[in-house]
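An overview of the molecular structure
This is what each chain is made of:
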Number of protein chains: 2
Amino acid sequence: MANIKEIARIAGVSVTTVSRVLNNHPYVSKDKRAAVLDTIDQLNYTRNMNAVHLITGRTGAVAVILPFINFFYFSIVMDGLAHEALLAQYRLILCQTNYSPEEELKVLEMLRNKEIDGVVIVSTALQPEVIEEYTAYGPIVTCQNSGERRFSSVYIEHYAAFRHGLQYLIGKGYRKIGYCEGRQNGSSSSIRQSAFREFLAENKLPFQEAWMIYDCMTEEHGAAAARSLLEMRERPDAVIVSGDHVAAGLIIESRKHGLRIPEDLAVMGFDNQPIGRLLEITTIDNQLYEMGASAFRIIHEQIRGDSTLPVYRKLAYRIIERSTV
Amino acid sequence: MANIKEIARIAGVSVTTVSRVLNNHPYVSKDKRAAVLDTIDQLNYTRNMNAVHLITGRTGAVAVILPFINFFYFSIVMDGLAHEALLAQYRLILCQTNYSPEEELKVLEMLRNKEIDGVVIVSTALQPEVIEEYTAYGPIVTCQNSGERRFSSVYIEHYAAFRHGLQYLIGKGYRKIGYCEGRQNGSSSSIRQSAFREFLAENKLPFQEAWMIYDCMTEEHGAAAARSLLEMRERPDAVIVSGDHVAAGLIIESRKHGLRIPEDLAVMGFDNQPIGRLLEITTIDNQLYEMGASAFRIIHEQIRGDSTLPVYRKLAYRIIERSTV
DNA sequence: TTGTATGCGTTATCAT
DNA sequence: ATGATAACGCATACAA
């Protein structure tokens, strides 16, 4: 493989000139530029980017930590990230960690190793304190609200959004409210859970452990939740479900058993997924795409500007009124 | 930042010895090893991997080319890839290209630049001939059947699978068959399309252009397809739809208008998605996860073994009988 | 406008 | 078992 030295030799110039041409620097005469370009073409030469990375101390790559790429939530965030990365000519290293702390730490180590210029943490099992230690090695952006930390974050107000959803439900007259949550790992699920409990307490609404259904990740889990709801002596008259696809399962199964939605059971979804639009599920849009896009823009800015000042960006949410509540 | 030289100086050994410790080479005495390890710990040292990549000529990274990460199909393949990459301690660079040939070429250029050790092409707008040119710079694996090329491939027999699906439909007595296809870009969609036309011709089944519905990518598109079907004077009595989520839209909208599935309209899905299971959609499973996992295993083997011999792996498909046909 | 010399941080080679 | 030194391929400060 040819290198810059060989190009210089054959083109009859110095390596500096070749480098200047390569990086579009000024102060290169037309003749020499042409000669260099010619030789590059002839020898089918390209730069060895590893050498560039070594000397510049930058790699043009950002790592993304998330647990499962095939979940709607994460794939949309990733879409936003990828779109912006493409615009910025940046590379994205997808680190699907399954919420394994060891694997997540390995990614942060990559920042120390200078293998990447920054890290975007979409969802993690790591404590904020651990993440903070790595801010010394490069910019980090999380997509969770971790408070005012030494790293940046862009997040949805899961707490407020969830309360708003509940407010919407009681505004429609529902008082017996059930709850359907996904995986317990993420920080957002526990935020939603406390929002739920606190809201119920504040509004003197009945709380029943039986109406709390956990680990609903798929359509099938939603359907199973519907069946368990049907078996109850006393059912909630409304249920708030994290994830429209789970809500879809719940709705379809409920209807199969003759329940009318929302007359017999109101369902409030989450995430504004395409399936929710199809089934006319009332849901909460929380701007997942924008979260990803925004996260990349922030980290890109921090990489370029070398400004270590963390940024905290709160994203708006909104209730999408359809017909299941 | 500390480097290997400084570690050597402080530990009172040579850089070679430090390097040996770093790489777990033999022939290092217990004392010196301990001294080195101590200093590394004290100075909070890690290797600059860019230097390692430069001298070894490897990066431990593989790029993945796909158009849209938030499509079910691609996110499942990516899941398979990511799972295997994690096991192999390899990094995955996600290149969401939107089927832009320029962007896809940029990724292949990364192979030339030594930024990556290999490329997995899940779906592309590039011609096989163009891809072949880059096999000189490192292993490439595609997830499409491109024939016996100079690069490897792992693929589903879209042609056979689709014909099998049609065979299943006529076996059930349907003769007026419609077709619902997604984005026209991918190679698999054109394969399915010719499978459809040829099967119809061979079996002397009626072909109607009006029954060919294109660009159905989402649940909503499926619903729209249902509405256009309802308006027809003469309707197909069965329709084969690429993507269970699109089939779901079609089914739900059809039922909303009083159509019975499968009595009035049989629906055959594709991809075996969770929503299909919920709605009991008869579908074709084409092992997307395994495709991704297999693609990574192949490329990993080729990177390690330096064997440039391409591998062609055909994946089995199977019809999942449920209740929409 | 151009070139020389140095350095980036590591591994590989070879000698001892 | 250990170390001195070259090599990887490039960018850049400085000199001209």
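Residues numbered from 1 in each chain as written. Chains lettered and ligands numbered in written order. Predicted model: local features only at pLDDT ≥ 70, side-chain atom pairs only at ≥ 80, totals over all residues. Heavy atoms only, no water.

An unreviewed UniProt entry annotates chain A as LacI family transcriptional regulator originating from Paenibacillus borealis.

1. Observations regarding the UniProt feature "domain: HTH lacI-type" (unreviewed entry) in chain A
The cut-off we apply is this: UniProt positions are given in the numbering used here, feature names are shortened, and annotations may be inferred rather than shown by experiment. Strands are runs of DSSP state E lasting at least 2 residues, helices are runs of H or I lasting at least 4, and numbering of each runs from the N terminus.
Per the UniProt record, the feature "domain: HTH lacI-type" (unreviewed entry) sits at residues 2-56 of chain A. The straight-line gap between the two end C-alpha atoms of residues 2-56 of chain A is 21 Å; of that span, 69% is helix and 0% is strand.

2. As for the pattern of salt bridges
Pairing of side chains with opposite charge becomes possible as their charged atoms draw close. Applied cut-off: Think of a salt bridge as a Lys or Arg side-chain nitrogen and an Asp or Glu carboxyl oxygen that are within 4 Å of each other. Three labels apply to residues, based on accessible area from a 1.4 Å probe with only protein chains included: buried if under 20% of the type maximum, exposed if over 50%, partly exposed otherwise in between.
Within this structure, the stated rule accounts for 34 salt bridges over all chains. The shortest N-O distance in the salt bridge between Arg197 of chain A and Glu209 of chain A comes to 3.9 Å. A residue pair is termed long-range when its members are at least 10 positions apart, and Arg197 of chain A in helix α9 (residues 187-202) and Glu209 of chain A in the loop between α9 and β7 (212-213) qualify at twelve residues. Glu157 of chain B is paired through a salt bridge with Lys314 of chain B; the nearest N and O atoms lie 3.8 Å apart. Here Glu157 of chain B is found in the loop between β5 (152-156) and α8 (158-171), whereas its partner Lys314 of chain B is found in strand β11 (residues 312-315), with 157 residues between them in sequence. What makes Glu157 of chain B partly exposed here is its relative accessible area of 27%.

3. So, the protein's contact with DNA strand D
The cut-off we apply is this: Throughout, near means a residue has at least one heavy atom within 4 Å of the molecule or strand. Polar contact is the term for a pair of N or O atoms within 3.5 Å; when the atoms are in protein, one must be able to donate a hydrogen and the other to accept it, and sequence-neighboring residues count only if both atoms are side-chain atoms. Gly is put with the polar residues, along with every residue not named as nonpolar or charged; the nonpolar set is Ala, Val, Leu, Ile, Met, Phe, Trp, Tyr, Cys and Pro, and the charged set is Asp, Glu, Lys and Arg.
Around DNA strand D, the structure places 24 residues, and the nearest of them are Ile4 and Tyr45 of chain A together with Thr16, Tyr27 and Ser29 of chain B. Take Ser19 of chain A: an N or O atom from its side chain is 2.9 Å from a phosphate oxygen of DNA strand D. Of all the secondary-structure elements, those providing two or more residues to the surface near DNA strand D are α2 (15-22) and α4 (49-56) of chain A together with α2 (15-22) and α4 (49-56) of chain B. The element that contributes the greatest number of residues to the surface near DNA strand D is α2 of chain B, accounting for four residues. Taken together, the residues of the surface near DNA strand D break down into eleven nonpolar, ten polar and three charged.

4. So, the protein's contact with DNA strand C
If you check the shell around DNA strand C, you find 25 residues, and the closest are Tyr27, Ser29 and Ile55 of chain A together with Ile4 and Tyr45 of chain B. The sugar-phosphate backbone supplies 61% of the atoms of DNA strand C found within 4 Å of the protein. Contacts to DNA strand C include Ser14 of chain A, whose backbone N or O atom sits 3.0 Å from a phosphate oxygen. Take Ser19 of chain B: an N or O atom from its side chain is 2.7 Å from a phosphate oxygen of DNA strand C. Those elements giving two or more residues to the surface near DNA strand C turn out to be α2 and α4 of chain A together with α2 and α4 of chain B. Class assignment of the residues belonging to the surface near DNA strand C gives a composition of twelve nonpolar, ten polar and three charged.

5. A look at the environment of Tyr179 of chain B
All names here are of chain B. Let me state the cut-off plainly: By the convention used here, residues are in contact when the closest approach between their heavy atoms is within 4.5 Å.
As for its placement among the helices and strands, Tyr179 is situated in strand β6 (residues 177-180). Taking the relative accessible area as the measure of exposure, Tyr179 reaches 0% and is therefore buried. Sequence spacing of Tyr179 and Gln208 is 29 residues, and the spatial spacing of their C-alpha atoms is 9.8 Å. Setting aside residues no more than four positions away along its own chain, Tyr179 makes contact with Phe162, Ser189, Arg192, Gln193, Phe196, Trp211, Met212, Ile213, Tyr214, Val239 and Ile240.

6. Points about the pairing of strand β3 (residues 118-121) of chain B
Consecutive side chains of a regular strand alternate in pointing toward one face of the sheet and then the other. All names here are of chain B. Selection rule: Strand pairing follows a simple DSSP-based rule, namely that at least 2 bridges must link the two strands. A right-handed crossover is one whose linking path, passing over the helix from the first strand to the second, runs clockwise when the strands point away from the viewer.
Residue alternation in β3 divides its side chains into two sets, Gly118 and Val120 and Val119 and Ile121, and both sets are buried. With four bridges connecting them, strand β1 (residues 61-66) and β3 associate as parallel partners. Residue pairing for β3: Ala63 is matched across the bridge by Val119. Relative to strand β4 (residues 140-142), β3 runs parallel, the two being bridged by three bridges. The residue of β4 that forms the bridge with Ile121 is Thr142. A crossover connection joins β3 to the parallel β4 through helix α7 (residues 128-133); in handedness this β-α-β unit is right-handed.

7. Comments concerning the interface of chain B and chain A
This is how it is decided: The term buried area refers to how much accessible surface (probe radius 1.4 Å) is lost by two components on association, counted for both of them together.
Tallying the contact residues gives 50 residues for chain B and 50 residues for chain A. Approximately 4,600 Å² of surface area, both sides summed, lies buried where chain B meets chain A, with 56% of it carried by carbon and sulfur atoms. Taken as a group, Asn50, Arg112 and Leu278 of chain B account for 14% of the area that chain B buries against chain A, more than any other trio of residues on that side. Inspection of the chain B/chain A interface yields four salt bridges. We note a salt bridge from Glu115 of chain A to Arg91 of chain B, for which the minimum N-O separation is 3.6 Å. Of all the secondary structure elements, the ones that give two or more residues to the side of chain B that touches chain A are α4, α5 (72-87), β2 (91-96), α6 (101-112), α10 (219-231), α11 (244-256) and α12 (274-278) of chain B.

8. Section: the packing of aromatic side chains
The way to describe two aromatic rings as a pair is by their centre distance and the angle between their planes. Our working definition: Any pair of Phe, Tyr and Trp rings, taking the six-membered ring for Trp, is counted once the centres come within 6.5 Å. Such a pair is stacked with planes under 30 degrees apart, edge-to-face with planes over 60 apart, and tilted for the rest. Note on criteria: charge over ring means Lys NZ or Arg CZ within 6 Å of the ring centre, with the direction from the centre no more than 35 degrees off the ring normal.
Following the criterion strictly, the structure yields 18 aromatic pairs over all chains and no others. A centroid spacing of 5.1 Å and a plane angle of 75° characterise the contact between Tyr73 of chain A and Phe74 of chain A, whose relative ring orientation is edge-to-face. By relative accessible area, Tyr73 of chain A is classed as buried at 16%. A relative accessible area of 8% places Phe74 of chain A in the buried class. What links up through ring pairs into an aromatic cluster is the set Phe68, Phe71, Tyr73, Phe74 and Tyr99 of chain A. Its guanidinium or amino end placed over the ring of Phe270 of chain B, Arg192 of chain B lies 5.3 Å from that ring's centre, counting from NZ or CZ.

9. Observations concerning the relation of the copies chain B and chain A
Selection criterion: Here the copies are superposed with least squares, the fitted atoms being C-alpha atoms of residues at a pLDDT of at least 70 in both.
Expressed as a screw operation, the relation of chain B to chain A combines 0.1 Å of axial shift with a rotation of 180°, fitting to an RMSD of 0.2 Å. Between the two chains, the operation in question is that of a two-fold axis. Using C-alpha coordinates, one finds that chain B approaches the rotation axis most closely at Ile93 of chain B, a distance of 2.2 Å. A shared interface surface links the copies, since 100% of the contact residues of chain B are contact residues in chain A too.

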